[in-house]
Amino acid sequence: MIELFITFFKIGITTFGGGYAMLPILIVEIAEKRNWATEDELLEYFAIGQATPGIIAVNTATFVGYKNRGVAGAIVATLGFIAPSIMIISIIYPVVDIINDKFIYAAKFLKIAVTGLILNTIYGMLKKSIKNYYQWTLIVLSVVLALLKLPLPLIVIGFVLVSLVIKNDD
């Protein structure tokens, strides 16, 4: 349990940019180093985490913890992941007015770096997940629907319903 907490603490403290930016770190730490989940399982956890309420990264930590140690593992992994954010916010909050201008300037550059990390994650997910024309059609359709500003929950629910009706073997 301690290793579970420490692992997710390290992931939580070293990852900036949200869930998609942390996927490569999760793959290395969880799938490759510790074999707590396969890369395919992590992608599935991400998909489920996207479709359920809450933060994708926290949901994924919860799923990995649950898979390995049940409910207690889910709690420990989740706490390990969120603890660094709580600590950092607690430290920064009292001085945020003093460093505000510099913080905003640094955040602009951080957004650029995070965008690159997210694009890298998307590329990796595409390579692993998209195996046929049917899946390419669905991804293009989902992008088009999102660009048309359809509510994202409706898109997700629609795709879940389509997956229940149409069976597609990889």
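Rules and cut-offs
Residues numbered from 1 in each chain as written. Predicted model: local features only at pLDDT ≥ 70, side-chain atom pairs only at ≥ 80, totals over all residues. Heavy atoms only, no water. Helix = DSSP H or I, 4+ residues; strand = E, 2+ residues; numbered from the N terminus. Buried < 20%, exposed > 50% of the residue type's maximum accessible area, 1.4 Å probe, protein only. Phe/Tyr/Trp six-rings, centres within 6.5 Å; stacked < 30°, edge-to-face > 60°. Lys NZ or Arg CZ within 6 Å of the ring centre and 35° of its normal. Core = buried A, V, L, I, M, F, W, Y, C linked by side-chain atoms within 4.5 Å. Contact = heavy atoms within 4.5 Å. Expected span 1.5 Å × (residues − 1). Arc of directions from axis to C-beta. Axes fitted to C-alpha atoms, helices over the stretch in contact; angles between N-to-C directions. Parallel < 35°, antiparallel > 145°, perpendicular 65-115°, else oblique. Left-handed = near helix turned anticlockwise from the far one by under 90°.

Asker: What is the right way to read unusual backbone geometry from this model?
Answerer: Excluding glycine, residues mostly carry a negative phi; peptide bonds, for their part, are mostly trans. Here Asn35, not a glycine, exhibits a phi torsion of approximately 55°, which is positive. Among the secondary structure elements, Asn35 is positioned in the loop between helix H2 (19-33) and helix H3 (39-51). Phi at Lys149 is positive, roughly 70°, even though this residue is not glycine. For Lys149, a relative accessible area of 72% gives the class exposed.

Asker: Just checking my understanding: could you explain the packing of aromatic side chains for this structure?
Answerer: Describing an aromatic ring pair means giving the distance of the ring centres and the angle of the ring planes. Summed over all chains, the structure comprises two aromatic pairs. Relative to Phe63, the ring of Tyr45 has its centre 5.6 Å away and its plane inclined at 45°; by these criteria the two rings are tilted. Of this pair, Tyr45 sits in helix H3 while Phe63 sits in helix H4 (residues 56-92), placing them 18 residues apart in sequence. On the basis of relative accessibility, which here comes to 25%, the residue Phe63 falls in the partly exposed class. Its guanidinium or amino end placed over the ring of Trp36, Arg34 lies 5.7 Å from that ring's centre, counting from NZ or CZ.

Asker: What should I look at first to understand the nonpolar core in this one?
Answerer: Most often, soluble globular proteins have nonpolar side chains that are buried together. In this structure, Phe8, Leu26, Ile30, Leu42 and Phe81 are the most contacted members of the largest nonpolar core, which totals 23 residues. Going through the elements one at a time, helix H1 (2-14), H2, H3 and H4 are the ones with two or more residues in this core. Here this core takes eight residues from H4, the largest share from any one element. Not counting residues within four places of it along the chain, the set of residues in contact with Phe8 comprises Leu26, Ile30, Trp36, Ala61, Val64, Ala77, Gly80 and Phe81.

Asker: What's the story with H1 in this structure? I'm lost.
Answerer: The α-helix winds at 3.6 residues per turn, so residues separated by three or four positions along the chain end up facing the same way. Taking 1.5 Å of rise per residue, 13 residues should cover 18 Å, and H1 covers 18 Å from first to last C-alpha, within 8% of that figure. Those residues of H1 lying buried are Leu4, Thr7, Phe8, Ile11 and Gly12. Angular distribution of buried residues about the axis of H1 spans 130°; they occupy a single face of the element.

Asker: How should the packing of H3 against H4 be read in this particular structure?
Answerer: The axes of two packed helices give the description: the angle between them and the distance between them. Where H3 meets H4, the axes come as close as 8 Å, and the angle between the chain directions of the two elements is 130°. On the basis of the axis angle, H3 is oblique to H4. Between H3 and H4 the crossing geometry is right-handed. Contacts from Glu41, Leu42, Tyr45, Phe46, Ile48, Gly49 and Gln50 in H3 reach Ile56, Asn59, Thr60, Phe63, Val64 and Lys67 in H4.

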